[in-house]
Amino acid sequence: MKRKMLLPGLTVNLTALLCSMVFIIPLTVVFLNAFKTRAESNTMTLRLPTVWMIENFFVVIERGKLATSFLNSLLYAGSGAILIALVVSLAAFVLSRNHSRLNRFLYYFVILGIAMPMSYISLMKIMQITQLLNTRVGLILIYAAVNIPISLFIMYGFVRNISVEIDEAAIIDGCNAFALYAKVILPLLSPVIVTICILNFMAIWNDFTMPLYYLNHSSRWPMTLAVYNFFGMFENQWNYVSANIILTIAPVLLVFILGQKYIVDGISAGAVKG
Amino acid sequence: MNKNKTYPSYLAFGTVAIYFVFLFLPGVLGIFYSFTDWNSFHPEVNFVGLSNYQRIIAPNQKYMDYISNTVIFTIATTLAKSALGILLALLLTHKLVLGKALHRMAIFTPLVMSYLVVGLVFKSLLHPATGFVNIALRSVRLDFLANNWLSDASLALGTVISVDTWKGVGYIMVVTIAGLKSISATYYEAAEIDGANYWQRFLHITLPLIWPVLLTITILNLTYGLRVFDIIYALTNGGPGHATDVINTAVFSAFSKGDYAMGTTLSTVLFVFVMAISYFLVKMMENKGEEL
């Protein structure tokens, strides 16, 4: 019996290994390249750098103005994620508990936006009218709008799974709507709030289109736009470009490794639990 | 308990207002502007009827090519991601595979990176002279396979589709694995007793049970594909020529040129396409909601 399992076991493991390589090698090449000298990085290989040039990263941080754009990204992704979690948890709370005609309409109206394509140019008109064009607040509101539908969809399902009897007990104890939300529902929602915050943080951190359209001051650019610009300026200095790419993905990779469970749960919840 | 007092609808105001002003309203406004000649050179906006739409279908214009590129990109990436994603999910739930969690993490990693960064990574790796891919091919004497992946008009769209599949396949894999795990083992045990082989079990148990999941992710993939922008902008910016231009890269070009009416018209075409598909998505979610 053991012998019979050997060949299939070897085959599936080799296939799995090969598949993983396809995903790991590109990132490894960029990682190694980030530590090479300019001449060495000109030909991209999996060879280890002869000298590990840590200073590449300092050069990139200084020339690419990465400190500012890092703080910008942190601001957009952080406040965007918190804003979404706040408004969506409130909405999910009332929409999922009270199925009035209006509420049913509002729920489906908002989740219609899950796949809605942005009409970029007419949004610019709205940004001009509201005087939010080229402002940080404006950008955060756009990110909130784009990510609200899927967040509401996930949160709604979670509120539905909290027993209504808890609400009734709280009301008898004298809670009003706000107290019920803040003291009872919100604490029970904390796992899904963490998931939604992480997913939205990553989505906003990784976005590139919105600042391309709606921010023209380079001092307000997030990291994605800064790295794109840097790529254009240093196209034949692969070591610097690679170092910049590594610095841009490091924060999200860190969030991913720390919050892996929440991310996979959230992504699956969107499609499976429905 | 008075439901309207305990759960006042105004608590949903923030969500609805932000969504309405910054996502829904631009879509509706876009439909209005698509019937005008709005541009950055003249302050007044005139009604021009269907002439923007006529420009899109005019034979001397490139717009139909962009639309067909968008459709090809969408169908190809959706099919490739679904097929490869399911295969990877089956492989990485196989009982003989060691280190499943590590493999899954490796395949999932591109998903957390931005499309822009993935685009830049592959733009460097696919550089005809100094990129990793061609150097690796030449080092194993496969020189004839070393191509101008992104600057050859006949290859560029295929390359872009492959890179996008590389990035997105982990999503299908993870969701399919979650779906597979929710299937009770008793079905498989019963089928095994009845003498069903691996493929029969896959076809008659696994596939029907994960079908709803697959349908949802297929629709999400379709709507992503139609809206694609970042990865193409980063890899080819629509080139060489217009070989990889899609609707949203054309919207950005129209925006840069100040041809706002054309941009909103293209966005509106996309809006109608995607909303038709989303309608089915919402209907499906509605049905799922009532089952629970």
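The shown structure was predicted, so the numbers you read here are calculated from the model rather than taken from an experiment.

About the cut-offs
Residues numbered from 1 in each chain as written. Chains lettered and ligands numbered in written order. Predicted model: local features only at pLDDT ≥ 70, side-chain atom pairs only at ≥ 80, totals over all residues. Heavy atoms only, no water. Core = buried A, V, L, I, M, F, W, Y, C linked by side-chain atoms within 4.5 Å. Buried < 20%, exposed > 50% of the residue type's maximum accessible area, 1.4 Å probe, protein only. Domains from an automatic or database assignment. Contact = heavy atoms within 4.5 Å. Helix = DSSP H or I, 4+ residues; strand = E, 2+ residues; numbered from the N terminus. Salt bridge = Lys/Arg side-chain N within 4 Å of Asp/Glu carboxyl O. Buried area = accessible area lost by both parts, 1.4 Å probe. Patch = residues over 30% accessible without salt bridge, like charges linked within 9 Å, V, L, I, M, F, W, Y side chains within 5 Å. Areas by Shrake-Rupley, 256 points an atom, 1.4 Å probe, with all protein chains shown as cover. Expected span 1.5 Å × (residues − 1). Phe/Tyr/Trp six-rings, centres within 6.5 Å; stacked < 30°, edge-to-face > 60°. pLDDT = per-residue confidence, 0-100. Axes fitted to C-alpha atoms, helices over the stretch in contact; angles between N-to-C directions. Parallel < 35°, antiparallel > 145°, perpendicular 65-115°, else oblique. Left-handed = near helix turned anticlockwise from the far one by under 90°. Nonpolar A, V, L, I, M, F, W, Y, C, P; charged D, E, K, R; others polar. Polar contact = N/O pair within 3.5 Å; in protein donor to acceptor, adjacent residues only side chain to side chain.

The next subject is the nonpolar core. Ranked by size, the top nonpolar core spans 183 residues in total, and within it Leu95(A), Leu152(A), Tyr214(A), Phe22(B) and Phe122(B) carry the most contacts. If you count residues domain by domain, this core takes at least three from each of domain 1 (2-58) and domain 2 (64-233) of chain A. When neighbours within four sequence positions are excluded, Phe22(B) is seen to be in contact with Met118(A), Leu123(A), Met127(A), Leu132(A), Leu141(A), Ile142(A) and Ala145(A).

Another point: unusual backbone geometry. Despite not being glycine, Gln131(A) has its phi angle at roughly 60°, a positive value. Looking at the element boundaries, Gln131(A) is found in the loop between helix H6 (120-129) and helix H7 (136-160). Unusually for a residue other than glycine, Asn237(B) sits at a positive phi of about 50°. On the secondary structure map, Asn237(B) appears in the loop between helix H11 (230-235) and helix H12 (247-257). With a relative accessible area of 45%, Asn237(B) lands in the partly exposed category.

Let us now look at the pattern of salt bridges. Using the criterion set out here, one finds five salt bridges over all chains in the structure. One salt bridge in this structure joins Arg97(A) and Asp167(A), with 2.8 Å as the shortest N-O distance. Of this pair, Arg97(A) sits in helix H4 (residues 66-97) while Asp167(A) sits in helix H8 (residues 164-172), and the two are 70 residues apart along the sequence. The class of Arg97(A) is buried, set by a relative accessible area of 5%. With a relative accessible area of 0%, Asp167(A) lands in the buried category. Arg201(B) is the partner of Glu192(B) in a salt bridge, and the nearest nitrogen-oxygen pair spans 3.7 Å.

Take the interface of chain A and chain B next. On the chain B side, the residues contacting the 102 residues of chain A number 97 residues. Approximately 9000 Å² of surface area, both sides summed, lies buried where chain A meets chain B, with 78% of it carried by carbon and sulfur atoms. Of all residues in chain A, Phe23(A), Met116(A) and Ile121(A) bury the most surface against chain B, accounting for 9% of the area lost on that side. In this structure, the connection of chain A to chain B is made through zero salt bridges.

This brings us to a nonpolar patch on the surface. Residue and element names in this part refer to chain A. Taken together, the side chains of Phe31, Leu48, Trp52, Ile54, Phe58 and Ile61 make up a nonpolar region of the molecular surface, amounting to roughly 620 Å² of accessible area. Here leucine 48 is to be found in the loop between helix H2 (38-41) and helix H3 (55-63). The exposure class assigned to leucine 48 is exposed, which follows from its relative accessible area of 55%.

Because each turn of an α-helix spans 3.6 residues, side chains separated by three or four positions end up pointing in the same direction. The terminal C-alpha atoms of helix H10 (residues 190-206) of chain A, which comprises 17 residues, lie 24 Å apart, in line with the 24 Å expected from a rise of 1.5 Å per residue. Of all 17 residues in H10(A), 12 are buried; the element is thus mostly enclosed.

One pass over the full model with this rule turns up 41 aromatic pairs over all chains. Both rings, one in Phe31(A) and one in Phe35(A), keep their centres 5.2 Å apart while their planes meet at 65°; by these two values the pair is edge-to-face. The class for Phe35(A) is buried, based on a relative accessible area of 10%. Between Tyr115(B) and Tyr224(B), the ring centres sit 5.2 Å apart and the planes meet at 20°, which makes this aromatic pair stacked. Residue Tyr115(B) is located in helix H6 (residues 115-125), and its partner Tyr224(B) is located in helix H10 (residues 198-227); the two are separated by 109 residues in the primary sequence.

Attention now moves to the confidence of the model for chain A. Detailed reading of predicted coordinates is not advised where the pLDDT is low. The predicted model of chain A has a mean per-residue pLDDT of 86, with 96% of residues at 70 or higher. Across chain A, H4(A) holds the top mean pLDDT of 93, while helix H14 (residues 260-273) of chain A sits lowest at 68.

All names here are of chain A. Between H7 and H10, the least distance of the axes is 10 Å, while the angle of their chain directions is 155°. With respect to H10, the element H7 is oriented roughly antiparallel. As H7 packs across H10, the resulting crossing turns out to be right-handed. For the pair H7 and H10, contact is made by Tyr143, Asn147, Ser151, Ile154, Met155 and Phe158 and by Val192, Ile193, Ile196, Asn200, Ala203 and Ile204, respectively. Here the residues of the contact of H7 with H10 sort into nine nonpolar, three polar and no charged.

Residue and element names in this part refer to chain A. With respect to the helices and strands, asparagine 72 occurs in helix H4. Within the local environment of asparagine 72, its side chain forms a polar contact with the backbone oxygen of serine 219, the two atoms lying 2.8 Å apart. Of the polar contacts made by the side chain of asparagine 72, one reaches the backbone oxygen of tryptophan 221; its length is 2.9 Å. When sequence neighbours within four positions are dropped, the list of residues in contact with asparagine 72 reads Arg136, Ser219, Arg220, Trp221 and Pro222.

This brings us to the side chain of Asn248(B). Secondary-structure assignment places Asn248(B) in helix H12. In contact with Asn248(B), other than residues within four places in its own chain, are Tyr120(A), Tyr213(A), Arg227(B), Val228(B), Phe229(B) and Leu270(B).

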